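Listed below, chain by chain, are the residues.
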Amino acid sequence: MLQIREADLGHLEVDDMRLLYVDLYDLDFVPTRIMVGEREFTYQRSFPVRGHGAIMPPYVRSLIDEGRVPLIVERNERYYVYVQ
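Rules and cut-offs
Residues numbered from 1 in each chain as written. Predicted model: local features only at pLDDT ≥ 70, side-chain atom pairs only at ≥ 80, totals over all residues. Heavy atoms only, no water. Buried < 20%, exposed > 50% of the residue type's maximum accessible area, 1.4 Å probe, protein only. Helix = DSSP H or I, 4+ residues; strand = E, 2+ residues; numbered from the N terminus. Pairing = 2+ DSSP bridges. Axes fitted to C-alpha atoms, helices over the stretch in contact; angles between N-to-C directions. Contact = heavy atoms within 4.5 Å.

Trainee: Where do I start with the pairing of strand β7 (residues 78-83) in this structure?
Mentor: In regular strands, side chains alternate between the two faces of the sheet. Taking burial as the measure, the six residues of β7 include five buried ones, the bulk of the element. Of the strand pairs in this sheet, strand β5 (residues 39-48) and β7 are connected by six bridges, and their pairing is antiparallel. Its bridge partner lying in β7, P48 is registered against R78. Of the strand pairs in this sheet, strand β6 (residues 70-75) and β7 are connected by six bridges, and their pairing is antiparallel. Bridge pairing links V73 to Y80 in β7. The turn linking β6 back onto β7 is made up of two residues, and N76 within it adopts a positive phi angle of 50 degrees.

Here it is in structure tokens:
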């Protein structure tokens, strides 16, 4: 499990959504779980950075509609979606 400080989070604008975001470009591995403070996020799926605009927004919106909180991690030309 990877621990991230709240202060290290940013935001990613996707369509009309402002999503929690962190750039882990230099990380050697992609964790399955991330802790942000006391909140635990679990890996769901990934999307290519190029071309994500057509497929990622509907997926993330469906998570939000379910009451889940998405966290977007960028690493090696991919966006990894985690949810709380």
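Trainee: I would appreciate a short explanation of the sheet that holds strand β3 (residues 17-23) in the present structure.
Mentor: Where strands meet in a sheet, backbone hydrogen bonds hold them as pairs that are either parallel or antiparallel. Strand order across the open sheet formed by seven strands is β1-β4-β5-β7-β6-β3-β2, with mixed pairing between neighbours. In the strand order of this sheet, the two ends are held by β1 (2-4) and β2 (10-14), each with one partner. On average, each strand axis in the sheet is inclined to that of its neighbour by 40 degrees, with strand direction left out of account. Sheet contacts for helix α1 (residues 52-65): β2, β3, β5, β6 and β7; angle to β5, the most-contacted strand, approximately 155 degrees.

Take it as geometry only, folks, not as evidence of what the structure does.
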